[in-house]
Amino acid sequence: MKLEAIELRQITMELIEPFETSGWRETVRPCIIVAIHSDGLTGYGECVAGAGPWYSYETVETAWHVLKDFIIPAVLGKDLTSVEALQAMLKPIRGHPMAKAGIEAALWDVLAQAKNISVAKLLGGTKDRIESGISIGIYKDIPTLLDVIEERRAQGYRRIKLKIKPGWDLEVLRAVRQRFPDMALMADANAAYTIADLSHLRQLDEFGLMMLEQPLDYDDLIDHSRLQRELKTPICLDESIKTPDDARKALDIRACTIINIKPGRVGGLLNAKKIHDLCQERGVPVWCGGMLETGIGRAANVALASLPNFVLPNDISASARYWKEDIIEPPFVLEHDGTIKVPTGPGLGVRVVRERLERVTQRYQIFRA
Ligand code: OSB
Ligand code: MG
């Protein structure tokens, strides 16, 4: 398929409520929507780099630069029949996984449409619905947090992930456990601790957490391996796993026993699938993380999470958890059983509403072969 034109669009989406982690707070969500035009088809992908270098070093500015000046010139006008071919073309460009994942997702969408199948099917997905969990940020006090959890459970979310940090951890989890003794619960520190906090972190074992996500530094494997030896709670890595090789090394040294897979963080859906396959071979469960995606990125995440080894609840919540109005139709909704349906239509299986997309666009550029 010849990549005849590529569009870049920086958009800003207003979150329904602020999202706060151990390291940053988001009230609006900027991202880049990539569109590929080929053979009369349009494929969409979302680049999840955000406002600042908080979660990773990439930002909307760095991603725009790398897409415009390096990635698009490398692929524009080329005839691409596989995602592997795209990956090979982008190999000389080091790092910048979110920028690469944005265009790669658009190619998956176009390739699937050309075959008249869903991205889920093209990836090898086997599920018709995926388990939906919810990630709950840091709030001003514990009573407020307990009310938020109550409300989310009433909506049908069956697994709750709480953001933690030093000073918002033991007391919070104790209160949550007291109120919800049997709830599926996990915690995500976004790298807020160090190995010097070992004896403090050992106290988390009393809460029966499904897992503790990314307790230590954002690129560490070694200290996590040491920590996992000392904890009963399973460690799940997020930030530290940037490539399939990272995943292999992490499993080899038992730096974690679960992996959170995010296509943006690992350079795209193909690498995400490779990590899934590796973990499946080794009997390691995975789940799909989130980056507060619009419906475009969410649709790709849902497709990914339809692969068989996504056996734990995902950070893929309903559109309404994030946005007043999503940029796709129909929006993703939570079913009564706490799942989200995998779209079956061609490509991403959702319709991008151009008029809504245009309304939130801050910056636009089109590149023609
Ligand atoms: O660490 O998983 C994370 C959101 C933005 C950046 C990092 C993370 C998150 C979340 C929310 O936890 C996931 C979502 O609901 O999209
Ligand atoms: Mg995380």
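Residues numbered from 1 in each chain as written. Chains lettered and ligands numbered in written order. Predicted model: local features only at pLDDT ≥ 70, side-chain atom pairs only at ≥ 80, totals over all residues. Heavy atoms only, no water.

A word on helix 8 (residues 222-230)
Of all the residues in helix 8, the buried ones are H224, S225, L227 and Q228. Along the axis of helix 8, the buried positions cluster into a sector of 165°, meaning they face one direction only. Facing away from the buried side of helix 8 by over 90 degrees, the exposed positions are I222 and R229. In this fold, the buried residues of helix 8 make contact with helix 7 (198-202) and strand 9 (235-237). (Buried < 20%, exposed > 50% of the residue type's maximum accessible area, 1.4 Å probe, protein only. Helix = DSSP H or I, 4+ residues; strand = E, 2+ residues; numbered from the N terminus. Arc of directions from axis to C-beta. Contact = heavy atoms within 4.5 Å.)

Structural notes on the coordination of the magnesium ion (ligand 2)
Protein-derived ligands of the magnesium ion (ligand 2) are D188 (OD), E213 (OE) and D238 (OD), with the metal-ligand distances lying across 2.1 to 2.3 Å. Read in sequence order, the donor residues coordinating the magnesium ion (ligand 2) give the pattern D-x24-E-x24-D. In this pair, D188 sits in strand 7 (residues 184-188) while E213 sits in strand 8 (residues 212-213), placing the two residues 25 residues apart along the sequence. The exposure class of E213 is buried, given its relative accessible area of 0%. (Donors = N, O, S within 2.8 Å, 3.2 Å for Na, K, Ca; no water.)

Thoughts on the side chain of N314
Inspection of the secondary structure puts N314 in the loop between helix 11 (295-305) and strand 12 (328-329). What makes N314 buried here is its relative accessible area of 1%. At 2.8 Å, the side chain of N314 and the backbone oxygen of E131 are in polar contact. Discounting residues that sit within four places of it in the chain, N314 has contacts with I130, E131, S132, G133, R159, W287, C288 and A305. (Polar contact = N/O pair within 3.5 Å; in protein donor to acceptor, adjacent residues only side chain to side chain.)

A short note on the side chain of N190
Residue placement: N190 occurs in the loop between strand 7 and helix 7. Polar side-chain contacts of N190 include one of 2.8 Å to the side chain of E239. Those residues in contact with N190 that lie beyond four places of it in its chain are T21, S22, W24, Y55, K163, E213, Q214 and E239.

Concerning the domain arrangement of the protein
Per the domain assignment, the segments making up the protein are domain 1 (5-116 + 350-368) and domain 2 (121-341). In this structure, domain 1 and domain 2 have C-alpha centres spaced 23 Å apart. Contacts between the two partners involve 40 residues from domain 1 and, on the opposite side, 46 residues from domain 2. Of the roughly 3,700 Å² buried between domain 1 and domain 2, counting both surfaces, carbon and sulfur atoms make up 66%. For the interface between domain 1 and domain 2, the tally reads four salt bridges. Among the ionic pairs, R356 bridges to E325, the shortest N-O distance being 3.5 Å. Mapped by element, the contributors of at least two residues to the side of domain 1 that touches domain 2 are strand 1 (5-20), strand 2 (25-38), strand 3 (41-47), helix 2 (83-90), helix 3 (97-114), strand 14 (351-352) and helix 12 (354-359). A breakdown of the residues in the side of domain 1 that touches domain 2 according to their chemical character gives 23 nonpolar, four polar and 13 charged. (Domains from an automatic or database assignment. Buried area = accessible area lost by both parts, 1.4 Å probe. Salt bridge = Lys/Arg side-chain N within 4 Å of Asp/Glu carboxyl O. Nonpolar A, V, L, I, M, F, W, Y, C, P; charged D, E, K, R; others polar.)

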